[in-house]
Amino acid sequence: DRARGAPEEPAVLLLEKRGYARTAVPGVLPGARLEAFRLETSAALAGRVLGPAGNPVPGCAVRVSLDGQDFPPAAPGASGSYRIDGLPAGKAEVELTRQGALRKQRAVDLAVGQVATLDFTVAEGSILGRVAEASRPVRDARITVKSLARPEEREGLSTDAKGSFRLGGLDPGTYEVKVRRAEEAFFSPGVTRSVEVGAGEARCEVVLGPGGRVAGR
């Protein structure tokens, strides 16, 4: 097919066809000559996103990236099942996101013509925190929560008008909670707390002193 409306400068040509891997061709220039592009048979990724009791978890999205290319996300259906087609073969990074929950990251090997399976369990652990200074709530404080078991899994959020924050979807384990004032976000190392999370809700009360010093429990 002829590509219409192509830019005059080198661009990335995106090729998509059912049953074949979504292919990005960089540095393509418009011209009258015929170009031939090879499409590989696609791989696919499928699985389920469930809670600890086997219940579907609403509001999730599964994203795949491979060799610097991001693919359209998939939202699990009513049964918690998802499937992403049109993927190339290789080692893919898969990310599960949900509003208010820690993102989960996994790696999976994709093979031509095969469907790889990757299931996620969204845990019910959470951290409920509050940041204050001289008994006054600190609004818009920058919070970063990181799993020590999986350091690549981290999430950033801010405190509300009451100085509170909450992050769910946490597996049992130890988490690092880093707190910064909004005006210190880009140059301050912040203050760090270690929080143990079980099956329920863990509390994290932080009192900021002068210059970002931390107190409390």
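Residues numbered from 1 in each chain as written. Predicted model: local features only at pLDDT ≥ 70, side-chain atom pairs only at ≥ 80, totals over all residues. Heavy atoms only, no water.

A. Focus on the pattern of salt bridges. A complete count under the given rule lists 11 salt bridges for this structure. For the salt bridge of Lys 104 with Asp 171, the shortest nitrogen-to-oxygen distance reads 2.8 Å. Remark: Asp 171 occurs in the loop between β15 (164–170) and β16 (173–180) and Lys 104 occurs in strand β8 (residues 104–110); sequence separation between them is 67 residues. For Lys 104, a relative accessible area of 3% gives the class buried. Judged by relative accessible area, which is 27%, Asp 171 ranks as partly exposed. (Salt bridge = Lys/Arg side-chain N within 4 Å of Asp/Glu carboxyl O. Helix = DSSP H or I, 4+ residues; strand = E, 2+ residues; numbered from the N terminus. Buried < 20%, exposed > 50% of the residue type's maximum accessible area, 1.4 Å probe, protein only.)

B. Just the sheet that holds strand β7 (residues 90–98), in detail. Spatially, the 4 strands line up as an open sheet ordered β5-β4-β7-β8, and their pairing is antiparallel. Each edge of the sheet is formed by a strand with only one pairing partner; in this case those strands are β5 (69–70) and β8. In the sheet, strand β4 (residues 60–66) pairs with β7 via 6 bridges, with the strands oriented antiparallel. Among the inter-strand pairings, Cys 60 is bridged to a residue of β7, identified as Arg 98. (Pairing = 2+ DSSP bridges.)

C. Structural view of the pairing of β16. Bridging between strand β13 (residues 142–147) and β16 involves 6 bridges; their strand directions are antiparallel. Considered in β16, the bridge of Thr 144 is made with Lys 178. Two elements, β16 and strand β17 (residues 191–197), share 7 bridges in a ladder whose sense is antiparallel. Looking at the pairing, Tyr 175 lines up with Val 195 of β17.

D. Region of interest: empty space enclosed by the protein. A complete count under the given rule lists 1 cavity of 30 Å³ or more for this structure. Taken as a whole, the largest cavity holds about 50 Å³ of empty space. Every residue lining the largest cavity is listed: Cys 60, Leu 96, Thr 97, Arg 98, Ala 101, Leu 102, Lys 104, Val 122 and Gly 169. Ranked by residues supplied to the lining of the largest cavity, first place goes to β7 with 3 residues. (1 Å grid on protein atoms, 1.4 Å probe; cavity = no way out; pocket = protein on both sides within 12 Å on 5 of 7 lines; lining within 4 Å. Points joined across faces, edges and corners; volume = space filled by probe spheres on them.)

E. Broad picture of the environment of Leu 157. With respect to the element layout, Leu 157 can be found in strand β14 (residues 154–158). In the structure, Leu 157 is positioned 16 residues away from Ala 141 in sequence and 8.4 Å away in space, judged by C-alpha atoms.

F. Focus on the confidence of the model for the protein. Per-chain confidence: the protein averages 86 in pLDDT, with 80% of residues scoring 70 or above. For the stretch residues 212–217, pLDDT sits under 50, and the model shows 17 contacts to residues farther than four places along the chain or on other chains. (pLDDT = per-residue confidence, 0-100. Contact = heavy atoms within 4.5 Å.)

G. Summary view of the sheet that holds β16. Across the sheet, which stays open at both edges, the 4 strands sit in the order β14-β13-β16-β17 with antiparallel pairing between neighbours. On the outer flanks of this sheet lie β14 and β17, each paired with one strand and no other. On average, each strand axis in the sheet is tilted by 25 degrees relative to the strand beside it, whichever way the strands run. (Axes fitted to C-alpha atoms, helices over the stretch in contact; angles between N-to-C directions.)

H. Structural view of unusual backbone geometry. A positive phi angle is found at Asp 67, which is not glycine, with a value near 55 degrees. Counting through the fold element by element, Asp 67 comes out in the loop between β4 and β5. Positive phi is not limited to glycine here, since Asp 140 has a value of about 60 degrees. Summarising the element assignment, Asp 140 is placed in the loop between β12 (136–137) and β13. On the basis of relative accessible area, Asp 140 is assigned to the partly exposed category, the value being 36%.

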